[in-house]
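Okay, here's what each chain looks like letter by letter:
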Amino acid sequence: MDSLYSNPLSLVIGAVTGVVISFYVAFSAQEPALEAVAVALAAVVAFRFAIVVAHRFSNRDETRTLELLFEIGAFAYALTVGAMAAFAIFTNADLLAQMVLTVYAVGYATAIAPRNAGRPVIALGQMVMVLGPISIALLMSEASLAQALGIVALLHIPSVITITVKVYRALRSQIVSAQANADLADEMQTLARTDVVTGLANRAGLNHAVSEELASAEEDARLALIWIDLDRFKEVNDLLGHPVGDKVLKGVAERLVEVSPDGSTVARFGGDEFIVFCPVDDVKHAELIASEIHCEIMCPMRVDGELLEIRASLGVALIPDSAIDADQLMQRADLALYHAKVGGRSQTCFYDPSMSRDLVRRREIEAELRTAIQRDELSIFFQPIVDLETSRIKTFEALVRWFHPEKGELRPNEFIPVAEETGVIVTLGNWITVQAARIAATWPDDVTVAVNLSPLQIRAPGAALGIKNALREAGLPPHRLELEVTESLFIEDNHSTSAFIEELSELGVRFALDDFGTGYSSLGYINKFPFSKIKVDRSFVSGAEVGKKSEAIIQAVAKMGTTLGMDIVAEGLETAEQVTAVRNAGCNLGQGYHFSRAVPDYLAAMLIAQERDNTPRRASA
């Protein structure tokens, strides 16, 4: 159909030419019948012009109507042209008039057939309606030359039919090919925007849907983006395998589609993250939707006979409440999700402007921390760990301090979490180990140094080699270095963790379990790994919940440590009464302000010197 209307100029030129010729011949011949046909031809031309204009403002649903109108106009014009030429021949009009009308008619029939070949019925019908009357008129003429010309006109019909069919086939082949390419392009576009595992929209599909929705949304429309992250989904893949993990993702996808409101776009953003983008009435409506999504995900799911409990963290941002465009909406929903995970996981957080301020602050600290390491703005302080029986210093725990040239001292709880989030902790941890080992090498041989290690630092490539290099450069024997790790390190059964501990333990480095009792405590990893020391968290010693239960816990840990040949350190000792209590409970080492705060290296050396000077006096007394 498009080919019929593709070049309206050719129709206009042909029609105007036909009208001019017909009127000129009719009035030149002074023949009323020809004049009537000329007027009829002009009326048909006007009708066809109206059809062309209508096509400009039509849609695909009106294709059949436009084709029918085109067909009526084309047949009427062709029949009128053929009839006018045939009438001139029948009536023996002026020879020049016959020639002009016949030449125009034959030329029109020849040209219009390939032009309208997209609809062969129309093309061939026009040709027959033009050449048929002319051929009949010529054959009925008494002049032999005219009869011969009539035969030629009849023979011209099959030749034009052949041309028309060839053009039609070529055009059809092009259309079929173009349609196939368009279908393939649509299919490729659909595949490019669809997640292969869940069948949901993928990241590209989500971006497209969000852009389309924002472009068509009304000015006062509210839209919510709910970012969902499955908590510890890696454990499902590691323990049950990726096929089961894929089934879990499919199950979560089905639940999200089912619970999401009409008009929502549900997408798998990647890995174990999903996004629901949907219209909402207000913040309360968004809270209701997020709550329903959270509850639906957390319902137990049975996969291959296994009953799995899935947990998820959600971050939510709204337009226009939280953001003004798609990029800002994504960033702020992601930021809200980050706070949901940091806040303990399995919860929903809505974006708040304070989150952006915290983000700016963290980025600022990250940049300044990298610079501080390069400029040696950081310092190592040491807090003693004391033998509760002899009051001798057994170990110093190395603690990092940051004295900012403009902001003053920054507390570790301000920059250590940022260092862990950004990966700077690896560089920072290695620097602390090097500095602590170098300083400890100047102390007496019976005083050891303890360094806290982050799980990220331990899992970093070449972690054990970094510790070995620090010991070698400082000249510190491996048995004088204690590496303190927290229980969070063992949440994931990571091969690199086991290899790290095993390699350094064989070298002589000792390991201590820090903050025992506050995390995912398990006797399994105490039995599995070669810990020489357990540090009981300060919350059992000087916390608000201190009482008979905490004392019982300390006694149990101390008894276990004595049986296994481990040192038990009580943290957070601030008073003599607390020292007495933990000593009576079975702890043999203590740490806290009662003995000393963390001090610079030169004061740590002075504490050791003072202790050694006082030892002979205590012995003689």
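Residues numbered from 1 in each chain as written. Predicted model: local features only at pLDDT ≥ 70, side-chain atom pairs only at ≥ 80, totals over all residues. Heavy atoms only, no water.

Trainee: I'd like a description of the overall build of the protein, backed by residues and values.
Mentor: Helix and strand counts for the protein stand at 22 helices and 16 strands. A compact globule built from 621 residues should have a C-alpha radius of gyration of about 25 Å, whereas the protein, at 45 Å, is more than 25% larger. Reported as C-alpha extents along the three principal axes, the dimensions of the protein are approximately 160 × 50 × 50 Å. Across the 621 residues of the protein, 43% fall into the buried class. (Helix = DSSP H or I, 4+ residues; strand = E, 2+ residues; numbered from the N terminus. Rg over C-alpha atoms; globule rule 2.2 N^0.38 Å. Buried < 20%, exposed > 50% of the residue type's maximum accessible area, 1.4 Å probe, protein only.)

Trainee: So what's going on with the packing of aromatic side chains? Which residues, and what values?
Mentor: According to the stated counting rule, one finds 10 aromatic pairs in the structure shown. Ring geometry for phenylalanine 396 and tryptophan 443: centres 5.0 Å apart, planes at 50°, overall tilted. Within this pair, whereas phenylalanine 396 is found in strand E9 (residues 393-404), its partner tryptophan 443 is found in the loop between helix H15 (424-440) and strand E11 (448-452), the two being separated by 47 residues in sequence. For tryptophan 443, a relative accessible area of 5% puts it in the buried group. (Phe/Tyr/Trp six-rings, centres within 6.5 Å; stacked < 30°, edge-to-face > 60°.)

Trainee: Mind laying out the pairing of strand E8 (residues 378-387), listing which residues take part and the relevant values?
Mentor: Where burial is concerned, most of E8 is hidden: 9 out of the 10 residues are buried. In the sheet, E8 pairs with E9 via 9 bridges, with the strands oriented antiparallel. Note on E9: the bridge partner recorded for glutamine 383 is glutamate 397. Between E8 and E9, which follow one another and run antiparallel, lie 5 residues, and serine 391 among them has a positive phi close to 65°. Where E8 meets strand E16 (residues 589-590), 2 bridges bridge the pair, whose relative direction is antiparallel. Paired with valine 386 across the strands is glycine 590, a residue of E16. (Pairing = 2+ DSSP bridges.)

Trainee: Give me the packing of helix H10 (residues 242-259) against helix H11 (residues 283-298): which residues, what numbers.
Mentor: Relative orientation and spacing of two packed helices are given, respectively, by the angle between their axes and the distance between those axes. Running from N to C, H10 and H11 cross one another at 150°; their axes reach a closest spacing of 10 Å. Of the two elements, H10 crosses H11, and the hand of that crossing is right-handed. Contacts between H10 and H11 involve Val252, Arg255, Leu256 and Val259 on the former and, on the latter, Glu292, Ile293, Glu296 and Ile297. Its residues placed into classes, the contact of H10 with H11 shows 5 nonpolar, no polar and 3 charged. (Axes fitted to C-alpha atoms, helices over the stretch in contact; angles between N-to-C directions. Left-handed = near helix turned anticlockwise from the far one by under 90°. Contact = heavy atoms within 4.5 Å. Nonpolar A, V, L, I, M, F, W, Y, C, P; charged D, E, K, R; others polar.)

Trainee: Tell me about the sheet that holds strand E3 (residues 273-280), residues and numbers included.
Mentor: Pairing is mixed in the open sheet, where 5 strands are placed in the order E2-E3-E1-E6-E7. Of all the strands in the sheet, just strand E2 (265-270) and strand E7 (348-350) have a single pairing partner and so form its edges. Neighbour-to-neighbour, the strand axes of the sheet open up by a mean angle of 20°, direction not taken into account. Bridging between strand E1 (residues 222-230) and strand E6 (residues 312-319) involves 8 bridges; their strand directions are antiparallel.

Trainee: Which residues make up helix H20 (residues 548-564), and what values do they have?
Mentor: What sets the pattern is the α-helix's 3.6 residues per turn: residues three or four places apart point alike. For H20, which comprises 17 residues, the first-to-last C-alpha distance of 24 Å matches the rise-based estimate of 24 Å (1.5 Å per residue) to within 8%. Burial in H20 covers these residues: Ser550, Ile554, Val557, Ala558, Met560 and Gly561. Along H20, the residues classed as buried sweep out an arc of 165° about the axis, all on the same side. Of the exposed residues in H20, the ones pointing more than 90 degrees away from its buried face are Lys548, Lys549, Lys559, Thr562 and Thr563. At the C-terminal side of H20, glycine 565 shows a positive phi close to 75°. (Expected span 1.5 Å × (residues − 1). Arc of directions from axis to C-beta.)

Trainee: Can you tell me about the nonpolar core, naming the residues and giving the values?
Mentor: The tendency in soluble globular proteins is for nonpolar side chains to be buried as a group. In this structure, Phe382, Leu428, Trp443, Leu483 and Phe500 are the most contacted members of the largest nonpolar core, which totals 71 residues. Per element, the largest residue contribution to this core is 9 residues, and it comes from H15. (Core = buried A, V, L, I, M, F, W, Y, C linked by side-chain atoms within 4.5 Å.)

Trainee: Go over the pairing of E2, please, and point to the residues and values.
Mentor: Regular strands have side chains that alternate between both faces of the sheet. Here E2 lies mainly inside the structure; 5 of its 6 residues are buried. Sheet topology places E2 next to E3; 5 bridges connect them, and they run antiparallel. Looking at E3, one finds that alanine 267 is bridged to isoleucine 275. The antiparallel pairing of E2 with E3 creates a hairpin that spans 2 residues between the two strands, and glycine 271 there sits at a positive phi of about 60°.

Trainee: An account of H11 is requested, with residue identities and associated values reported.
Mentor: In a regular helix each residue adds 1.5 Å, so 16 residues correspond to 22 Å; H11 covers 22 Å between its end C-alpha atoms and thus fits that length. Among the residues making up H11, those that are buried are Ala286, Ile289, Ala290, Ile293, His294 and Ile297. Along the long axis of H11, the arc covered by the buried residues comes to 135°, so they all point the same way. The exposed residues of H11 that point more than 90 degrees off its buried face are Lys284 and Cys295. Where the residues of H11 are buried, they touch E1, H10, E3, E6 and E7. Measuring from the side-chain oxygen of the N-cap residue of H11 to the backbone nitrogen of lysine 284 gives 3.3 Å; that N-cap residue is aspartate 282. (Polar contact = N/O pair within 3.5 Å; in protein donor to acceptor, adjacent residues only side chain to side chain.)

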